[in-house]
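The lines below spell out each chain.
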Amino acid sequence: MLTKTLIKYCSLFSRGVDKRRIRMFLESSPNYPNLLSVVQTLRYAGINVEVGRCDVDYLKSISGPVLLHLNLPGNQVMAIARPEVSGEGLSIFMPKTTKWEFRKFVDLVRVWDGVVVYAIDKPIGELLRQPSGTIYLILILLILVSAIWMSGNLSVVSIPLFVGLTASSLLYARLWGMNMGIIDGICHISSNADCDSVSSSNHGNILGFSLAALSLSYFLSQTLCMLFLRGEYALTGMYIVSSIVVIPMSAYSVYAQRKIGKYCVLCIVTLASLAAEAVICISLSNPAIDAGILGTWIIIFATILTILRVVDLLKVKVERGGKERLRFLSLKRKREIISMESRPCDGYETTLSIGPTNAPHTVTTILSTGCPHCRRTVADLLSMQERGIEFHWNIIFGETKSGDSDDVKAMIHAYFSDILLFKKQLKLWSEGRKFRPRDILSDIGSLPVETETYEYFRAFITREGISGLPVIILDGRKLSSVYEVKDLEYLIADNLINNL
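What you see is a predicted model; the values in this text were computed from it and never measured.

Structural notes on the packing of helix 10 (residues 211-228) against helix 13 (residues 291-332)
And step 1. Relative to each other, helix 10 and helix 13 sit at 140 degrees, their axes nearing to 9 Å. Taken together, helix 10 and helix 13 sit at an angle that is classed as oblique. In this structure, helix 10 crosses over helix 13, and the sense of that crossing is right-handed. Across the interface between the two elements, Ala213, Leu214, Leu216, Ser217, Tyr218, Leu220, Ser221, Gln222, Leu224 and Cys225 from helix 10 touch Trp297, Ile300, Phe301, Ile304, Leu305, Leu308 and Asp312 from helix 13.
And step 2. Partitioning the contact of helix 10 with helix 13 into residue classes produces 13 nonpolar, three polar and one charged.

Below, the structure is given as structure tokens:
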């Protein structure tokens, strides 16, 4: 919940918020989930925030949205609040319903401990938001309905099908965390309503298949058969299956929701659609049964279900990998681990540098032109600078194979000839292209400083006993191979190395 709250708060001040980066930084923080991790994450996201303690009168004077630390029964939370024009209270953002709810100051002081996080920056508001997942799903369903209507197959008999397809599509989309807008409010229409808890629980699965995937496969396969086979004739035949499965599916759904202690509005709508299909089938005096259509429907249903199962398994695998990286990154950000996995490395100088000399942090990289990992290291560091992470970057070039010396001399020459050309060629090299442009090959080594720099690089690498490249030195400490260049942005934000 804290991650969602901070992502929402960042979106009030900046468009195009990178949700994954914010989650990684926050949840891997050694201070997570305390207040310090909140402030560090917001500053990492580029939001200029301050934290303090105040009373209600001072809180009224703060313009723009703030984060309040609330002591709720059995839980402590950070809540987004913004002042109301009336001056009688605040609107509090509810992450579950994605709605703003008004709270009077007299009620607020009962749970607020006076801690407030506020931004110096001005909010951009909530205009020009990206379309929610609901809009995309509705557009797709409208296109599908239009196609069926144009084919002459749309009738009252098909209404339960489209209601069930819509509800199951929304339910499945919620498993993927899509922004549902108004659907969030429906799914949390009461304190006991929670579609997410039901669909993502162990009881929300049958033989490893989620209820959301089963229902979506069921209604989508019916729709495709109706669209491409014999229209309503095919549909009434498939409704016979609905009349058979409606009772066991309803029984299991009720059992699952009772065990969880929550009910799912979208699940109830899906079951109601299934029941409506069964009623239509029973009401027909002589429902058409076509073995060929039923066989085709079973194949389509099984195919869609298999595809969704594979997609769900890939999603689980990616989520597990993300959790492992979070745990590992959290360890690497601990002060004692940094101290163990780094050593002082002073007494080096290089004239090849990029970035402001007065930056609060200095990154030194020892690279080889023949090293693929070095290319990726350069690409990541350039990306960090483009994203506004401020550091002074020193570059030392080594050699891993014959022929590297010519490339190193070319890089040194490019730097002293034209630093803008050097940056351009460095970026091209990080993308996998050849560094040495033909127009600078003729006078390589013409300046004494070039030869001096080249000899210094070789002497430094020999003196330090450096063999495996790339090597990363942050603020005078050589990091072990445990650390990747992507970890630097977290170490820089934590500012721990300077305090070792």
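Re the side chain of glutamate 489
And step 1. Along the polypeptide, glutamate 489 turns up in helix 19 (residues 488-494).
And step 2. By relative accessible area, which is 4% here, glutamate 489 ends up buried.
And step 3. Here glutamate 489 is in contact with Arg21, Tyr44, Met384, Arg387 and Ile389, once residues within four sequence places are set aside.

Points about the pattern of salt bridges
And step 1. Considering all chains together, one arrives at 17 salt bridges under this definition.
And step 2. Across the salt bridge formed by glutamate 50 and arginine 43, the nearest N and O atoms sit 3.7 Å from each other.
And step 3. Note on glutamate 50: relative accessible area 33%, which makes it partly exposed.
And step 4. Here lysine 332 and aspartate 487 are joined by a salt bridge, their closest N and O atoms 2.6 Å apart. Residue lysine 332 is located in helix 13, and its partner aspartate 487 is located in the loop between strand 14 (477-479) and helix 19; the two are separated by 155 residues in the primary sequence.

A few points about unusual backbone geometry
And step 1. Of note, the bond from tyrosine 32 into proline 33 is cis; its omega dihedral lies within 30 degrees of zero at 5 degrees.
And step 2. If you trace the backbone, proline 33 turns up in the loop between helix 2 (19-27) and helix 3 (35-44).
And step 3. Cis geometry is found at the peptide bond from leucine 469 to proline 470, where omega equals 5 degrees.
And step 4. Backbone geometry places leucine 207, a non-glycine residue, at a positive phi of 55 degrees.
And step 5. Of note, aspartate 475 is a non-glycine position whose phi angle comes to about 50 degrees, a positive value.
And step 6. Looking at where aspartate 475 falls in the secondary structure, it is placed in the loop between strand 13 (471-474) and strand 14.
And step 7. Judged by relative accessible area, which is 18%, aspartate 475 ranks as buried.

A short note on the packing of aromatic side chains
And step 1. Counting across every chain of the model gives 14 aromatic pairs.
And step 2. Judged by centre distance (5.2 Å) and plane angle (90 degrees), the rings of tyrosine 415 and phenylalanine 422 are edge-to-face.
And step 3. In textbook terms, an aromatic cluster arises when at least three aromatic residues are bridged by ring pairs, as seen for Tyr218, Phe219, Trp297 and Phe301.
And step 4. Positioned above the aromatic ring of tryptophan 176 is the side chain of lysine 315, whose terminal nitrogen or guanidinium carbon lies 5.6 Å from the ring centre.
And step 5. Over the aromatic face of tyrosine 454 sits the side chain of lysine 409, whose NZ or CZ is 5.1 Å from the ring centroid.

Some points on helix 7 (residues 159-175)
Working note: α-helix, 3.6 residues per turn, so residues spaced by three or four point in the same direction.
And step 1. Taking 1.5 Å per residue, 17 residues should reach 24 Å; helix 7 reaches 25 Å between its end C-alpha atoms and fits that length.
And step 2. Burial runs high along helix 7: 13 of the 17 residues are buried.
And step 3. One or two steps after helix 7, the chain reaches glycine 177, where phi turns positive at roughly 75 degrees.

Overview of the environment of methionine 226
And step 1. Tracing the backbone shows methionine 226 in helix 10.
And step 2. When its relative accessible area of 0% is taken as the criterion, methionine 226 is described as buried.
And step 3. Between the C-alpha atoms of methionine 226 and tryptophan 297, which are 71 residues apart in sequence, the distance is 9.6 Å.

Focus: the nonpolar core
As a rule of thumb, soluble globular proteins bury nonpolar side chains together.
And step 1. By size, the foremost hydrophobic cluster in this structure holds 45 residues, and its most contacted members are Ile366, Trp393, Ile395, Phe397, Phe422, Leu426 and Leu488.
And step 2. Where this core is concerned, the elements lending two or more residues are strand 11 (362-368), helix 15 (372-386), strand 12 (392-398), helix 16 (404-417), helix 17 (419-430), helix 18 (448-464), strand 13 and helix 19.
And step 3. Excluding anything up to four places from it in sequence, isoleucine 395 contacts Thr350, Leu352, Ile354, Thr365, Leu367, Phe422, Leu426 and Phe457.
And step 4. Counting 39 residues, the second-largest nonpolar core is a separate cluster that includes Leu161, Leu171, Leu266 and Ile304.

Some points on the side chain of serine 217
And step 1. As for its placement among the helices and strands, serine 217 is situated in helix 10.
And step 2. Residue classification places serine 217 among the buried positions, given a relative accessible area of 0%.
And step 3. From its side chain, serine 217 meets the backbone nitrogen of leucine 305 in a polar contact 3.5 Å long.
And step 4. Discounting chain neighbours no more than four positions away, the residues touching serine 217 are Phe301, Ile304, Leu305 and Leu308.

Concerning the environment of lysine 315
And step 1. The topology assignment puts lysine 315 in helix 13.
And step 2. In the structure, lysine 315 is positioned 139 residues away from tryptophan 176 in sequence and 8.6 Å away in space, judged by C-alpha atoms.
And step 3. When neighbours within four sequence positions are excluded, lysine 315 is seen to be in contact with Leu175 and Trp176.

Criteria and thresholds
- Residues numbered from 1 in each chain as written.
- Predicted model: local features only at pLDDT ≥ 70, side-chain atom pairs only at ≥ 80, totals over all residues.
- Heavy atoms only, no water.
- Axes fitted to C-alpha atoms, helices over the stretch in contact; angles between N-to-C directions.
- Helix = DSSP H or I, 4+ residues; strand = E, 2+ residues; numbered from the N terminus.
- Parallel < 35°, antiparallel > 145°, perpendicular 65-115°, else oblique.
- Left-handed = near helix turned anticlockwise from the far one by under 90°.
- Contact = heavy atoms within 4.5 Å.
- Nonpolar A, V, L, I, M, F, W, Y, C, P; charged D, E, K, R; others polar.
- Buried < 20%, exposed > 50% of the residue type's maximum accessible area, 1.4 Å probe, protein only.
- Salt bridge = Lys/Arg side-chain N within 4 Å of Asp/Glu carboxyl O.
- Phe/Tyr/Trp six-rings, centres within 6.5 Å; stacked < 30°, edge-to-face > 60°.
- Lys NZ or Arg CZ within 6 Å of the ring centre and 35° of its normal.
- Expected span 1.5 Å × (residues − 1).
- Core = buried A, V, L, I, M, F, W, Y, C linked by side-chain atoms within 4.5 Å.
- Polar contact = N/O pair within 3.5 Å; in protein donor to acceptor, adjacent residues only side chain to side chain.

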